[in-house]
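So the chains spell out like this:
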Amino acid sequence: MPAQFSIYYPRRPVKEVRLEDNRVYRLGRGTDCNLQLDNPSVSRLHAELKQVKGVWTLRDLASKNGTKLHGSNIRVAQLTDDCWLSVGELQARFQLLGEHQLERIHGQNTRRWQHCEEIGKQLSDSSDLEQMLARVLEGVVQLAGTDRAFILLKDSTDNLSISAMHGVTPEALQCADFAGSRSAVAEVLKSGRPLVTSDSLDHQFLSSQPSIQLNAIRALACLPLVMDDKQLGVIYTDSLLLGKGITELDLSILEAMADNASMAIAATLLKADLDQLNRCTADTQIPSLSAW
């Protein structure tokens, strides 16, 4: 039976690899490994994963930092339906996938992209900023499978303010327990690039923050909202579900959502500025030509 090998990188989206029947996979950092793991704790040739007579087996190849199955060191072990592995310090998940499961996953992914496109069209047709932002967060949580989300937008003086929330209260965002999330936001604003962690408890940059430890955030994504090289703000979302990861597909969908949201927000703010300018012009007494 085919399987899936999911690699939980600390500061990257989860990489999902489909394992084919009757193949041998060499795990390691080396370029000759057909399942390459980019992490310094992983040996150049770390382990071997293969299927023999329908049974998947994992064998450690005398690696420096060892291989674990459900937290226990192994030299060789058979893998069942759903297994959590450690390759060096890198976490991974092994899952058997039948043909029906593969078809279901493909169908779900297709529908997710279709839903993302539908939301993008809805945003372009909306002129109400509050409703638009609420729709963005609803879509983010649905499409990424996360629990909480919020949007921060910059004002004319570049100060950030909470513009929309989903699954979280304003009081919670102001608490010290949310410091880890604020650290993620600060890094994205500084770098201008998305930040993804698939297991925040293993992320040294964030794991010291109270919100990560006390609320047990297991995965988070924070993306910049940018239009014409101008930073408008950020979208943040996270999950408290153990084992949840932000996958490469999740990140691609979230980036598409952020792009659509940025265009819609910029258009709405521009319209509001023009409306304000028109009102100011209407209130201003413009002298006639005869007065010149």
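Residues numbered from 1 in each chain as written. Predicted model: local features only at pLDDT ≥ 70, side-chain atom pairs only at ≥ 80, totals over all residues. Heavy atoms only, no water.

- If you look the chain up in an unreviewed UniProt entry, it shows as GAF domain-containing protein from Microbulbifer elongatus.

### Notes on the packing of aromatic side chains
- Using the criterion set out here, one finds 4 aromatic pairs in the structure.
- Each ring, one from F150 and one from Y236, has its centre 4.8 Å from the other, and the planes form 20 degrees; the classification is stacked. Of this pair, F150 sits in strand β12 (residues 148-154) while Y236 is found in strand β16 (residues 230-239), placing the two residues 86 residues apart along the sequence. Of the two residues, F150 and Y236, neither departs from the other in class, the shared state being buried. (Phe/Tyr/Trp six-rings, centres within 6.5 Å; stacked < 30°, edge-to-face > 60°. Helix = DSSP H or I, 4+ residues; strand = E, 2+ residues; numbered from the N terminus. Buried < 20%, exposed > 50% of the residue type's maximum accessible area, 1.4 Å probe, protein only.)

### Overview of the sheet that holds strand β8 (residues 72-73)
- Overall, antiparallel pairing links the 6 strands, which are arranged β2-β1-β11-β10-β7-β8 in an open sheet. Only two strands of the sheet have a single partner each, and these edge strands are β2 (15-19) and β8.
- The pairing of strand β1 (residues 3-8) with β2 spans 5 bridges and is antiparallel. Bridge pairing in β2 places I7 opposite K15. (Pairing = 2+ DSSP bridges.)

### Looking at the pairing of strand β13 (residues 160-166)
- As judged from the 6 bridges shared by β12 and β13, these two strands associate in the antiparallel manner. Within β13, the residue paired with L152 across the bridge is I162.
- Where β12 folds back onto β13 in an antiparallel hairpin, the turn is made up of 5 residues, including D158, whose phi is positive at roughly 70 degrees.

### Describing the confidence of the model for the chain
- Taken residue by residue, the chain gives an average pLDDT of 83. The fraction at 70 or more is 83%.
- Confidence over residues 200-217 falls short of pLDDT 50; this stretch has 57 contacts with residues more than four positions distant or in other chains. (pLDDT = per-residue confidence, 0-100. Contact = heavy atoms within 4.5 Å.)

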